[in-house]
Amino acid sequence: GAGVSQTPSNKVTEKGKYVELRCDPISGHTALYWYRQSLGQGPEFLIYFQGTGAADDSGLPNDRFFAVRPEGSVSTLKIQRTERGDSAVYLCASSNRDRSPNEQFFGPGTRLTVL
Amino acid sequence: AQKITQTQPGMFVQEKEAVTLDCTYDTSDQSYGLFWYKQPSSGEMIFLIYQGSYDEQNATEGRYSLNFQKARKSANLVISASQLGDSAMYFCAMREGPDFGNEKLTFGTGTRLTIIP
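In short, a report on the structure. Since this is a predicted model, take the numbers as computed values, not measurements.

1. Digging into the side chain of T13 of chain A
Within the secondary structure layout, T13 of chain A lies in strand β2 (residues 10-13). Among all residues touching T13 of chain A, those that are not within four sequence positions of it are V19, T82, L112, T113, V114 and L115 of chain A.

What follows is the structure, given as structure tokens:
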């Protein structure tokens, strides 16, 4: 079946602009996660959704970052007033939480470059 | 303190040899889980193997095994009979708390493994 998909694969924007990154989870997966991976680092947790609600948003770095999942499927990560330090690969993952371990399936990521 | 430490930024291994990738972790939770992921140049994170803190036996999945030493807080990944396709970044990650509780994974900085023909 289809895996996690993310669009766009690459996004170049200018400092101060607004961007939206989209994640399509595996069909039927109730949980969705966003991570950010800076160059040379491991992924860092941003936010986790269970259904439509954000169950844990403790990783969002500041109030310029916001994510939604209005119908419990597709999620959008929104970044306002982008800064050069926001440049990274943004990874999305999903899981169905029906067996242990709760394996997270990752998408290919969106590479965001802020000029 | 770092929650996940991977001390080997890069490793070169001859094809068909076994390789051990190191991972140490730091947590005060009694219940936790340890994961290894592979990240090829395409960028996707591929789940390899899992070890729960209460699992008494070391996890194995095909050519992958996890050398879990709880007292030392280490969870090293062993790849037997390495193949050229094993060349990738490898990340160790931890979930603190029970499964289906805290969902957040904390990752290490990774080890870049290169298999030499």
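From this point on, the discussion continues.
2. Here's the deal with the state of the cysteines
Under the defined criterion, the tally for this structure stands at 2 disulfides over all chains. Each disulfide pairs two cysteine sulfurs, and for C23 of chain A the partner residue is C92 of chain A, the sulfurs being separated by 1.8 Å. Every disulfide takes its handedness from the sign of the S-S torsion; for C23 of chain A and C92 of chain A that torsion is -70°, giving left-handed. Remark: C92 of chain A occurs in strand β9 (residues 88-95) and C23 of chain A occurs in strand β3 (residues 19-24); sequence separation between them is 69 residues. The residues C23 of chain A and C92 of chain A share a single accessibility class, namely buried. The disulfide bridge from C23 of chain B ends at C92 of chain B, spanning 2.0 Å between sulfur atoms. On the S-S bond that ties C23 of chain B to C92 of chain B, the torsion sits near -60°, and the link is left-handed. Here C92 of chain B lies in strand β10 (residues 88-96) and C23 of chain B lies in the loop between β3 (19-21) and β4 (24-25), a separation of 69 residues in the sequence.

3. Topic: the packing of aromatic side chains
How two aromatic rings sit relative to each other is set out by the distance from centre to centre and by the angle between their planes. Summed over all chains, the structure comprises 13 aromatic pairs over all chains. Consider the rings of Y33 of chain A and Y48 of chain A, whose centres lie 5.1 Å apart with planes at 15°: the pair is stacked. One end of the pair, Y33 of chain A, is in strand β4 (residues 31-37); the other, Y48 of chain A, is in strand β5 (residues 44-50), and 15 residues separate them in sequence. In this pair, the class of Y33 of chain A matches that of Y48 of chain A, namely buried. Pairing Y35 of chain A with F107 of chain B gives two aromatic rings, centres 5.7 Å apart and planes at 90°, and the pair type is edge-to-face. Residue Y35 of chain A is located in strand β4, and its partner F107 of chain B is located in strand β11 (residues 106-107); the two belong to separate chains. For Y35 of chain A, a relative accessible area of 0% gives the class buried. Of the aromatic side chains, those joined through ring pairs into one cluster are Y35, F45 and F106 of chain A together with F35, Y37, F47, Y50, F91 and F107 of chain B. When the ring centre of Y64 of chain B is taken as origin, the NZ or CZ atom of R63 of chain B, which lies over that ring, is 5.8 Å away.

Reading the values: rules and limits
Residues numbered from 1 in each chain as written. Chains lettered and ligands numbered in written order. Predicted model: local features only at pLDDT ≥ 70, side-chain atom pairs only at ≥ 80, totals over all residues. Heavy atoms only, no water. Helix = DSSP H or I, 4+ residues; strand = E, 2+ residues; numbered from the N terminus. Contact = heavy atoms within 4.5 Å. Disulfide = S-S within 2.5 Å. Buried < 20%, exposed > 50% of the residue type's maximum accessible area, 1.4 Å probe, protein only. Phe/Tyr/Trp six-rings, centres within 6.5 Å; stacked < 30°, edge-to-face > 60°. Lys NZ or Arg CZ within 6 Å of the ring centre and 35° of its normal.

That is the geometry; function is a separate question.
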